[in-house]
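# What the coordinates show
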Amino acid sequence: MKKILITGGAGFIGSHVVRLFVNKYPDDTIVNLDKLTYAGNLQNLTDIENKPNYTFVKGDILDKDLIKSLFEKYNFDGVIHLAAESHVDRSITNPLEFAETNILGTMVLINAAKNHWKNNFAQKLFYHISTDEVYGSLGEEGIFTETTPYSPHSPYSASKAGSDHFVRAYHDTYGLPIVISNCSNNYGANQFPEKLIPLSINNIKNQKNIPIYGKGENIRDWLFVEDHAEAIDTIFHKGKNGETYNIGGNNEWKNIDLIRLLCQIMDKKLGREKGTSEKLITFVKDRAGHDLRYAIDSSKLQKELGWKPSLQFEEGLEKTVEWYLASEAWLENVVSGEYQKYYQKQYS
Ligand code: NAD
Ligand code: TYD
């Protein structure tokens, strides 16, 4: 009968985590705190919004009074912290917002946890969700392990690295029970179409160009979002205090190869002639400071806690395409208004 605060639960990954916890742990109380920025969307959670063990609170992790009052009201045993600004391209145009939300916001939360728990840390846990991007960029060889030194390059990854350091500092200085996980690129339902896969699905559907940065040779290690949510559940319940766990699918793809596969799947699903969507591929100006390659070694999580990814990439990508094609109202809603301005500015 735990009381758990999940932050950023209306976003892409957070919504899958909230759904999993609300359904799997009916005796736990799940409070989802989300500011509902452009990336937060309560439509991601309509299937569980009326469950008795679920409460949504609209609010900002930077709001100290609100966070304090939530700890007092619910007396949380655990926090799973996902709320963040999450898009690298936006961090390049607006780095300060990333420092505020990702570093200061994490500080506000962890400080509230420390103050509320008052050194009575038994059965308490602050779980910070981070990214593999804190480790920097790999060349052709190598893989990120939990001991790879941090070397972030973008304002996004620097802000996530900063928040990871503060979380570890609270463990080392005050003895706060923490775990951190660093995950590779996620894909699946509910991802905002500013990220590579949903942006490309939306453009292919509307027969618009698919913008590939540089030569499309950058490599990412892709994990199905529901597998990430399962990993978070495993780490929250079985992870060891103070530890870091890498999460990844052992699934590296060059961007251009991934997009070609996506084009083939979309041609099939949309009943278009083979090769139609590939014609939309357009190479555009590269992202500043674009990391060449990410690859995650998740053997610690697999060996010590028994998690493993459930899906092959082709299968996950097909499921993802099917979800976007079946979710026209969701997509139309998020690509109207602000998105058009963002797209124009980013890709003109
Ligand atoms: P997202 O952008 O889809 O969702 C972020 C959520 O946080 C949104 O619902 C937004 O409204 C909320 N939020 C933002 N600022 C807030 C604030 N000040 N107060 C309260 N809520 C706020 O992000 P995502 O892709 O779901 O990522 C979730 C977490 O996982 C992030 O911490 C991210 O760094 C991490 N992560 C993401 C990936 C990935 O591939 N997407 C991979 C590894 C780690
Ligand atoms: P993205 O989905 O933004 O995730 P991240 O930058 O966190 O890895 O990008 C994934 C890869 O796709 C990355 O190498 C950048 C590239 N990319 C494009 O080529 N074109 C695009 O329009 C976007 C958004 C990304």
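Counting starts from 1 at the beginning of each chain's written sequence and moves along it residue by residue. Naming scheme: in the order in which they are written, chains are lettered from A and ligands are numbered from 1. Owing to the predicted nature of the model, reporting of local features is limited to residues with pLDDT of at least 70; listing and counting of side-chain atom pairs is limited to 80 or more, with chain, interface and lining totals taken over all residues. The side-chain numbers reported here are obtained from all heavy atoms of the structure, hydrogens and water having been left aside.

## Section: empty space enclosed by the protein
For clarity, the cut-off: Residues are said to line a cavity or pocket when one of their atoms sits within 4 Å of a point; the points come from a 1 Å grid over protein atoms alone, cavities being sets where a 1.4 Å probe fits but cannot get out and pockets being open sets with protein on both sides within 12 Å along at least five of seven lines. Grid points are joined across faces, edges and corners, and a volume is the space filled by probe spheres set on the points. The residue classification treats Ala, Val, Leu, Ile, Met, Phe, Trp, Tyr, Cys and Pro as nonpolar and Asp, Glu, Lys and Arg as charged. All others, Gly included, are polar.
Under the defined criterion, the tally for this structure stands at 2 cavities of 30 Å³ or more. Considered as a void within the structure, the second largest cavity measures approximately 50 Å³ in volume. The class makeup of the residues in the lining of the second largest cavity is 3 nonpolar, 3 polar and 4 charged.

## Things to note about the nonpolar core
What counts here: What makes a nonpolar core is a set of buried Ala, Val, Leu, Ile, Met, Phe, Trp, Tyr and Cys residues whose side-chain atoms join them at distances within 4.5 Å. Only protein chains enter the area calculation, which uses a 1.4 Å probe; residues under 20% of their type maximum are buried, those over 50% are exposed, and those in between are partly exposed. Strands are runs of DSSP state E lasting at least two residues, helices are runs of H or I lasting at least four, and both sets are numbered from the N terminus onward. Working rule for contacts: check all heavy atoms of both residues, and any pair within 4.5 Å makes them a contact.
Membership of the largest hydrophobic core comes to 32 residues, with the highest contact counts inside it found for Ile 197, Ile 210, Ile 259, Leu 262, Phe 313 and Leu 317. Ranked by the residues each element gives to this core, the list is headed by helix 8 (residues 255–270), at 8 residues. What Phe 313 contacts, discounting residues up to four positions off in sequence, is Tyr 187, Ile 197, Trp 222, Asn 251, Trp 253, Leu 258 and Leu 261. The next biggest cluster of nonpolar side chains, apart from the first, holds 30 residues, and it includes Ile 30, Leu 82, Ile 129 and Leu 305.

## Let's talk about the layout of surface pockets
By volume, the largest pocket amounts to about 520 Å³. Every residue lining the largest pocket is counted, 20 residues in all, and those nearest its centre are Tyr 38, Arg 90, Glu 338, Tyr 339 and Tyr 342. For the lining of the largest pocket, the secondary structure elements donating two or more residues are helix 3 (88–93), helix 4 (95–117), helix 11 (328–335) and helix 12 (338–347). In terms of residue count, the dominant contributor to the lining of the largest pocket is helix 12 (6 residues).

## Some remarks on the pattern of salt bridges
Operational definition: Think of a salt bridge as a Lys or Arg side-chain nitrogen and an Asp or Glu carboxyl oxygen that are within 4 Å of each other.
Evaluated as defined, the whole model comprises 16 salt bridges. Across the salt bridge formed by Lys 35 and Asp 60, the nearest N and O atoms sit 3.6 Å from each other. You can see Lys 35 sitting in the loop between strand 2 (29–34) and strand 3 (54–58) and its partner Asp 60 sitting in the loop between strand 3 and helix 2 (64–74), a full 25 residues away along the chain. On the basis of relative accessible area, Asp 60 is assigned to the partly exposed category, the value being 22%. Note that Asp 89 is salt-bridged to Arg 287, the shortest N-O span being 2.7 Å. Here Asp 89 is found in helix 3, whereas its partner Arg 287 is found in the loop between strand 12 (281–284) and helix 9 (299–305), with 198 residues between them in sequence. The network of salt bridges with common partners includes Lys 268, Lys 269, Glu 318 and Glu 322.

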